[in-house]
Amino acid sequence: MSTSAHYDFDTVIDRRGTWCVQWDGVADRFGVDGLLPFTISDMDFATAPEVLTALRARLDHGVLGYTTWQQDDFRSAVAHWYATRYSTEVDTGRLVYGPSVLSQLSQLLQMWTAEGDGVVVHTPTYDGFRKAVTGLGRELRGVPLGDTEALERELARADAKVFVLCSPHNPTGRVWTEDELREMGALARRHGVAVISDEIHADFVHDGYRHVPWTRIGGEGRWAVITSGSKAFNFPALTGSYGFIGDPADRAEFLRRMETAEGLASPAVLSLTAHIAAYREGAAWLDAARSYVAGNLALIAERLNGAFPELAWEPPQAGYLAWIDLRPLGVGVGAGAGADGVAGGDGVDDEALQRVLIEREKVAIMPGAVYGAPGFLRLNAGCPRSKVVAGVEALVRGVGAVR
């Protein structure tokens, strides 16, 4: 199914008062309550009906005791998803499980690096990566997106131990081609650097693009995939993630750490239930959600480019996060920066735009500086169209006020 006609994404669901980070926690980041938020990357849609039906059935059973992910229902659902979604046969003997993608990342970094070691990432960089890497005392080393020469220079450094790949990339929404992935894999193997591929946005790749799982790229090198169905199907509150680890000894060590050192032998049963239902029965809903979000992103493009033709903004190749470069308008301290958006420059300070958006327009939109890219914004379009309209109109007014 490639249409949202059979599902309702237009009805606004009030999330206030549900302990929701995006709505109830907006003051924690922006200092003001009551803003219309376009921030943390979850969606304002209810998850797939098929997932909700499975969750209700599991709750109706009534017994919520200790459980295991190492069973065929879960393994076969993952294998089915990769076969039908990505035409990829996966070895479920390489499967691992954890409470979150970032938790898995932390464990792998502790396995494969020591304090002071270099961890290479693309810039702009998902802030969760930065917190995980620096919080463990490792050195975060950014490489501009698409700069292969810079990537090899960083991977070649003697103390570079891990390359954290975001595939598709957050915050830009870029989908890597198979050739690009194979080139990155070859560079990592050449320099003895492990690859951790975060593929949590993979299920939301838009028409015309194709996600290639790292399980097809990793080969004999040291690698891991970390992912979850929670992003695409919008159930992150259930916790739960999974992945694949290439080397059997590394996999065994990861499981030992999770089950003993972290005390996480029993996963959240509702997360397992949701994953199985999503992967077995949720494809039609996901395709409908992607189609609807693509319409939201097209609306943003039309309105932004209509107001500011010099932006020539194009929707992302994956995901529901609109990564918007405002530097052509002279907005942001990065107005004279390069393609990675990290260097400084002239123009209106990002903080001035944020003040207008918060104080006058009453909206919360993530500033690019959070990801190391001043002069950019990240606007979450995973919501009913009426909210998107309100957000983009507020953005157009706000930008107009500070130019």
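These figures come from a predicted structure and were not determined experimentally.

Chemist: Is there a simple way to explain helix H4 (residues 72–86) in this structure?
Modeler: Each α-helix turn comprises 3.6 residues. Residues three or four places apart therefore point the same way. For H4, built from 15 residues, the straight-helix expectation of 21 Å at 1.5 Å per residue is met to within 8% by its first-to-last C-alpha distance of 20 Å. For H4, the secondary structure elements touched by its buried residues are strand S2 (95–98), strand S7 (223–227), helix H9 (230–233), strand S8 (241–245), helix H11 (269–281) and helix H12 (283–307). The opening residue of H4, the one whose side-chain oxygen lies 3.0 Å from the backbone nitrogen of Asp73, is Gln71.

Chemist: Mind showing me how you'd approach the packing of helix H3 (residues 49–61) against H11 here?
Modeler: At a minimum axis distance of 8 Å, the contact between H3 and H11 shows a crossing angle of 140°. Between H3 and H11, the angle falls in the class oblique. In the crossing of H3 with H11, the sense of the turn from one axis to the other is right-handed. Where H3 approaches H11, its residues Glu50, Val51, Ala54, Leu55, Arg58 and Leu59 are matched on the opposing element by Val269, Leu270, Thr273, Ala274, Ala277, Ala278 and Glu281.

Chemist: It is not clear to me how the sheet that holds strand S10 (residues 363–367) should be interpreted in this structure. Could you clarify?
Modeler: Within a sheet, adjacent strands bond to each other through the backbone by hydrogen bonds, running parallel or antiparallel. Spatial strand order, S1-S10-S11-S9: four strands in an open sheet with mixed pairing. Unpaired on one side and paired on the other, strand S1 (36–38) and strand S9 (321–325) mark the two borders of the sheet. Here the strands of the sheet are splayed against their neighbours by 30° on average, with no regard to which way each runs. Lying on the sheet, helix H13 (residues 350–360) is in contact with S10 and strand S11 (376–380); it crosses S10 at an angle near 155°. Lying on the sheet, helix H14 (residues 385–402) is in contact with S1, S9, S10 and S11; it crosses S1 at an angle near 90°.

Chemist: I'm lost on the pairing of strand S5 (residues 160–166) in this one. Help?
Modeler: Consecutive residues of a regular strand have side chains that alternate between opposite faces of the sheet. Taking burial as the measure, the seven residues of S5 include six buried ones, the bulk of the element. One ladder, built from five bridges, connects S5 with strand S6 (residues 194–198); its direction is parallel. For Val164, the partnering residue across the bridge sits in S6 and is Ile196. In this region the chain leaves S5, passes through helix H8 (residues 178–190) and returns to the parallel neighbour S6; the handedness of that crossover is right-handed.

Chemist: Can you walk me through the packing of aromatic side chains in this structure?
Modeler: Aromatic ring pairs: the centre-centre distance and the angle between the two ring planes describe each pair. Under the counting rule described, the total for this entry stands at 19 aromatic pairs. Aromatic pair Trp69 and Tyr97: ring centres 6.1 Å apart, planes at 20°, arrangement stacked. On the criterion of sequence distance, the pair formed by Trp69 in the loop between H3 and H4 and Tyr97 in strand S2 is long-range, its members being 28 residues apart. Residues Trp69 and Tyr97 agree in their burial class; the two are buried. Taking the centre distance of 5.5 Å and the plane angle of 80° together, the rings of Tyr82 and Phe244 count as edge-to-face. Of this pair, Tyr82 sits in helix H4 while Phe244 sits in strand S8, placing them 162 residues apart in sequence. In this structure, Tyr82 and Phe244 share a single accessibility class: buried. We note Arg385 situated over the ring of Tyr292; from NZ or CZ to the ring centre the distance is 4.3 Å. Sitting above the plane of the Phe38 ring, Lys387 keeps its charged end 4.9 Å from the centroid.

Chemist: What am I meant to see in the pattern of salt bridges here?
Modeler: Per the counting criterion, the structure on display carries 25 salt bridges. Linking Arg257 and Glu253 is a salt bridge whose minimum nitrogen-to-oxygen distance equals 2.9 Å. Residue Arg257 and its partner Glu253 are both found in helix H10 (residues 248–261); the two are separated by four residues, about one turn of the helix. What makes Arg257 buried here is its relative accessible area of 18%. Judged by its relative accessible area of 25%, Glu253 is partly exposed. Between Arg360 and Glu361 there is a salt bridge, with the nearest N and O atoms lying 3.3 Å from each other.

About the cut-offs
- Residues numbered from 1 in each chain as written.
- Predicted model: local features only at pLDDT ≥ 70, side-chain atom pairs only at ≥ 80, totals over all residues.
- Heavy atoms only, no water.
- Helix = DSSP H or I, 4+ residues; strand = E, 2+ residues; numbered from the N terminus.
- Expected span 1.5 Å × (residues − 1).
- Contact = heavy atoms within 4.5 Å.
- Polar contact = N/O pair within 3.5 Å; in protein donor to acceptor, adjacent residues only side chain to side chain.
- Axes fitted to C-alpha atoms, helices over the stretch in contact; angles between N-to-C directions.
- Parallel < 35°, antiparallel > 145°, perpendicular 65-115°, else oblique.
- Left-handed = near helix turned anticlockwise from the far one by under 90°.
- Pairing = 2+ DSSP bridges.
- Buried < 20%, exposed > 50% of the residue type's maximum accessible area, 1.4 Å probe, protein only.
- Right-handed = clockwise from strand over helix to strand, strands pointing away.
- Phe/Tyr/Trp six-rings, centres within 6.5 Å; stacked < 30°, edge-to-face > 60°.
- Lys NZ or Arg CZ within 6 Å of the ring centre and 35° of its normal.
- Salt bridge = Lys/Arg side-chain N within 4 Å of Asp/Glu carboxyl O.

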